[in-house]
Amino acid sequence: MRDKDPIAIVGGGIAGLSLALALHKRGITCEVFEAVPEVQEIGVGITLLPHAMQELTELGLQPALEAVAIENLESVFFNRHGQFIYSEPRGRHAGYEVPELGIHRGKLHQILYRAACERLGVEHVHTQHRCTHFEQDASGVTLHFRPIGDGEPVQPVRARLVVACDGVNSAIRRQLFPSDAVCFAGINTWRGVSVHKPILTGKSYIRIGSIDTGKMVIYPIVDNVDGQGNQLINWVAEIRRPDAKMNDWNQPGDLDDFLPTFADWRYDWLDVPELIRGAQHIFEYPMVDKDALPRWTHGRVTLMGDAAHPMYPRGSNGSAQALLDARTLADLLAQHPDELQALALYEGKRLPATANVVQTNRTQPPDAIIMKADELSGGQPFDNIDDLISRDQLQAISDRYKQVAGFALASPR
Ligand SMILES: Cc1cc2nc3c(=O)[nH]c(=O)nc-3n(C[C@H](O)[C@H](O)[C@H](O)COP(=O)(O)OP(=O)(O)OC[C@H]3O[C@@H](n4cnc5c(N)ncnc54)[C@H](O)[C@@H]3O)c2cc1C
C-alpha cells in the first residue's frame, strides 16, 4: 500500500505547505489538497520568530523571505500613556543565528506555495479541493471533497495517511470532535496596514497598553513602500469587552467599533489614531483559541497547525508551532518504517508542548510585561519605570514566554 496510496495533506496553508516541503526534503512523497481555487496574497502582517525562521531556513527559504520582509531589531513595550517600559534586542541582534522577520502574511504564503509547486510538482498541489469528510478502514482513508461552484463533482482520494492542516475551522477536526467549538472570552481585534513614516528605529516591534486598557501591536512589514522612505506598518488593535459579540472573520472592520478606545493615544513619538486612520482596509478578527484536545491521532488521520492547536495570536507563535509540528512529523516519518508509530510519537511530542503555549497565551503572554507595570503604577503615568520594577524582573517575564514557546536562545529542538 505504501507505494500505492499517498500521504494526503488537507489544507495548503503554513502548516500544510511546510509539511509538504519537509516531507519532500526527506524523500517522502505527498499530495496537498487546498480548498481555495488560487493562493492569493491576502491577509496582513505576521512575525516570524527565530524558531519559525530556523525551520524556514532549513527548507531553504530564508533568502526569499528576507528579500521581502523587515528584520526586527528590537521588541519594545509601552503603557497606554506612551511611556517606555521595556525593550530587548531580537533575532540576530540578540545572538540567534537567524533573523526575526516582520512580513506580509500573503507573501509568506506565496513563497511557501511557489516552493511547494516547484519542488513537488504543481500536479501534486491540488487547489479547489475543499475536504468535507473522510472515511477510514484498516488499510487507508478516503477523503471526500465539495463539488466545484458549478456542481462539478471532485473525485474522492484514497490515502494511506491524512494530515489535517485545514486551519482553525478544520472540517476534519469537527468530524473527529463534533462538539468542537472556538473559545471566545470577549476579546476582539481589528487589523490593518498603513503607509507611515518609520516609527522608532523603523525596525521595532511595538506593544502599547494591555488587554485591560486596550492594546496596540505595531510593526513594519515593508520598507520604503512608496519610494519616499515610508513603510507599510502592520497594526492590530485589541479590546476586551465583557458583553462583546464575537467579530466575524469575513466582515470588514468598522472604525467606530474600536477607534474611540485609542482616541487620546497621541504621543510625541507616534499618533495612534492617525496611524489607524491611514489604513485603506480594516479587517476584524475574533481573538479565539480552542481547549487542548485529548488526542490528535485517530488511526491514520492526525491534526497539525491551527487544526490541532489554535492559539491566541498574542505571542507570534501560531505559525512557528505549525512549522515545528511539520518538521517533527516529517523527521519521525523518515525515521520510523511503522508510520502509525510515527504518528503516535508526533502526537506525544507536540500535543503537550503546544497545549502549554495555548494556555500560556491565555494567561502569561509577552504583554504580561505591560500588565505588570500597570499593576505597579495603578495604570497612572510614572516618572521612571526603574522606580517600579527592575529590568531583570521584566526580562524574566519575556524569557519565561520564550522557554514555553521553544525559542529561548538555548532551547533544545
Ligand atoms: C490575527 C492573527 C494574527 C496572527 N499573527 C501571527 C504572527 O504574528 N506570528 C505567527 O507565527 N502566527 C500568527 N498567527 C497565527 C498563524 O496565522 C496561524 O497559526 C497559522 O496560519 C496556522 O497555519 P495553518 O496552516 O495551520 O492554518 P492556516 O494558515 O489557516 O491554513 C489553513 C489552510 O487550509 C485551507 N482549508 C480550510 N478548510 C479546508 C478544507 N475543508 N479542505 C481543504 N483546505 C482547507 C485554508 O484555505 C488554508 O489555506 C496569527 C493569527 C491570526 C488570526
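Keep in mind it's a predicted model, so treat the numbers as computed, not measured. (Residues numbered from 1 in each chain as written. Predicted model: local features only at pLDDT ≥ 70, side-chain atom pairs only at ≥ 80, totals over all residues. Heavy atoms only, no water.)

1. Here we look at the packing of aromatic side chains
Step number 1: Counting across every chain of the model gives 11 aromatic pairs.
Step number 2: An angle of 40 degrees between the planes, with centres 5.3 Å apart, marks the rings of Phe-33 and Phe-145 as tilted. Separated by 112 residues along the polypeptide, Phe-33 in strand β2 (residues 30-33) and Phe-145 in strand β10 (residues 140-145) bring together distant segments of the chain.
Step number 3: The class of Phe-145 is buried, set by a relative accessible area of 8%.
Step number 4: Where Phe-262 meets Trp-265, the ring centres are 4.8 Å apart and the plane angle is 85 degrees; that geometry is what we call edge-to-face.
Step number 5: On the accessibility criterion, Phe-262 (0% relative accessible area) is buried. (Phe/Tyr/Trp six-rings, centres within 6.5 Å; stacked < 30°, edge-to-face > 60°. Helix = DSSP H or I, 4+ residues; strand = E, 2+ residues; numbered from the N terminus. Buried < 20%, exposed > 50% of the residue type's maximum accessible area, 1.4 Å probe, protein only.)

2. A closer look at the packing of helix α1 (residues 14-25) against helix α4 (residues 105-120)
Step number 1: Their axes nearest at 9 Å, the elements α1 and α4 cross at an angle of 35 degrees. At the point where α1 passes α4, the crossing takes the left-handed sense. Judged by residue contacts, Ile-14, Leu-17, Ser-18, Ala-20, Leu-21 and His-24 of α1 engage Arg-105, Leu-108, His-109, Leu-112, Tyr-113, Ala-115, Ala-116, Arg-119 and Leu-120 from α4.
Step number 2: Tallied by class, residues from the contact of α1 with α4 come to 10 nonpolar, 3 polar and 2 charged. (Axes fitted to C-alpha atoms, helices over the stretch in contact; angles between N-to-C directions. Left-handed = near helix turned anticlockwise from the far one by under 90°. Contact = heavy atoms within 4.5 Å. Nonpolar A, V, L, I, M, F, W, Y, C, P; charged D, E, K, R; others polar.)

3. Digging into the site of the ligand
Step number 1: Taken together, 29 residues lie around the ligand, and Ala-15, Glu-34, Arg-105, Asp-306 and Ser-319 are the ones closest in.
Step number 2: Backbone polar atom of Ala-15 to an oxygen atom of the ligand: 2.8 Å apart, as the coordinates give it.
Step number 3: Here an oxygen atom of the ligand and a side-chain polar atom of Glu-34 are 2.6 Å apart.
Step number 4: Within the complex, the protein chains bury 84% of what would otherwise be the 1000 Å² of accessible surface of the ligand.
Step number 5: For the shell around the ligand, the secondary structure elements donating two or more residues are α1, β3 (45-48) and α7 (318-335).
Step number 6: Looking at which element gives the most residues to the shell around the ligand, the answer is α7, with 3 residues.
Step number 7: Partitioned by chemical class, the residues of the shell around the ligand number 12 nonpolar, 11 polar and 6 charged. (Near = heavy atom within 4 Å. Polar contact = N/O pair within 3.5 Å; in protein donor to acceptor, adjacent residues only side chain to side chain. Areas by Shrake-Rupley, 256 points an atom, 1.4 Å probe, with all protein chains shown as cover.)

4. Some thoughts on the pairing of β10
Regular strands have side chains that alternate between both faces of the sheet.
Step number 1: For β10, a buried count of 6 out of 6 residues is recorded, marking the element as mostly surrounded by other parts of the structure.
Step number 2: Here β10 shows no split at all, with Gly-140, Thr-142 and His-144 on one side and Val-141, Leu-143 and Phe-145 on the other all buried.
Step number 3: Here strand β9 (residues 131-137) pairs with β10 via 6 bridges, running antiparallel. Its bridge partner being in β10, Cys-131 is matched across the sheet by Phe-145.
Step number 4: Strand direction decides the pairing type here: β10 and strand β11 (residues 157-159), joined by 3 bridges, are antiparallel. Bridge pairing links Leu-143 to Val-157 in β11. (Pairing = 2+ DSSP bridges.)

5. Here we look at the sheet that holds strand β1 (residues 7-10)
Strand pairing in a sheet is mediated by backbone hydrogen bonds. Such pairs are either parallel or antiparallel.
Step number 1: The 5 strands are arranged β8-β2-β1-β12-β18 in an open sheet whose pairing can be described as parallel. The open sheet terminates on both sides in strands that have one partner only, identified here as β8 (125-126) and β18 (301-303).
Step number 2: Of the pairings in the sheet, the one linking strand β12 (residues 161-164) to β18 comprises 3 bridges and is parallel in character. In the sheet register, Val-162 faces β18, and the bridge partner there is Val-301.
Step number 3: Together, β1, β2 and β12 form the strand contacts of α1, whose direction differs from that of β1 by roughly 155 degrees.

6. Things to note about the side chain of Glu-100
Step number 1: The residue Glu-100 is located in the loop between β6 (84-89) and β7 (101-104) in this model.
Step number 2: Exposure remark for Glu-100: the relative accessible area of 2% places this residue in the buried category.
Step number 3: At a separation of 2.8 Å, a polar atom in the side chain of Glu-100 contacts the side chain of Asn-72.
Step number 4: Of the polar contacts made by the side chain of Glu-100, one reaches the side chain of Arg-90; its length is 2.8 Å.
Step number 5: With sequence-adjacent residues up to four places away left out, Glu-100 is seen in contact with Thr-47, Leu-48, Leu-49, Pro-50, Ile-70, Glu-71, Asn-72, Arg-90 and Gly-91.

7. Considerations on the environment of His-196
Step number 1: Turning to its location among the elements, His-196 is positioned in strand β13 (residues 183-196).
Step number 2: On a C-alpha basis, the gap between His-196 and Leu-275 in space is 7.1 Å, while along the polypeptide they are 79 residues apart.
Step number 3: The contact partners of His-196, leaving out residues within four places of it in the chain, are Asn-230, Gln-231, Ile-233, Leu-270, Glu-274 and Leu-275.

8. Examining helix α8 (residues 339-363)
Step number 1: Helix length check: α8, at 25 residues, gives a terminal C-alpha distance of 36 Å against a target of 36 Å (1.5 Å per residue), a fit within 8%.
Step number 2: Taking the largest bend as the criterion, α8 deviates by roughly 25 degrees, centred on Arg-350, and proline Pro-352 comes between one and four positions later.
Step number 3: Turning to α8, its buried residues number three or more, namely Glu-339, Ala-342, Leu-343, Tyr-346, Glu-347, Arg-350, Leu-351, Thr-354, Val-357, Val-358, Thr-360 and Asn-361.
Step number 4: Check the buried side of α8 and you find it contacts β1, β12, β17 (279-289), β18, α7 and α10 (391-405).
Step number 5: By the N-cap criterion, in which a side-chain oxygen at the helix start approaches the backbone nitrogen of a residue two or three places on, α8 is capped by Asp-338, the distance to Leu-340 being 3.0 Å. (Expected span 1.5 Å × (residues − 1). Bend = angle between axes of the 7 residues up to and from the residue.)

9. Remarks on the nonpolar core
Step number 1: The biggest cluster of nonpolar side chains holds 72 residues, and the ones touching the most others in it are Leu-65, Leu-143 and Ile-172.
Step number 2: Excluding residues that lie within four positions of it along the chain, Leu-143 makes contacts with Ala-8, Val-10, Phe-33, Cys-131, His-133, Phe-134, Pro-156, Val-157, Val-162 and Ile-172.
Step number 3: The next biggest cluster of nonpolar side chains, apart from the first, holds 24 residues, and it includes Ile-208, Tyr-267, Val-272 and Ala-279. (Core = buried A, V, L, I, M, F, W, Y, C linked by side-chain atoms within 4.5 Å.)

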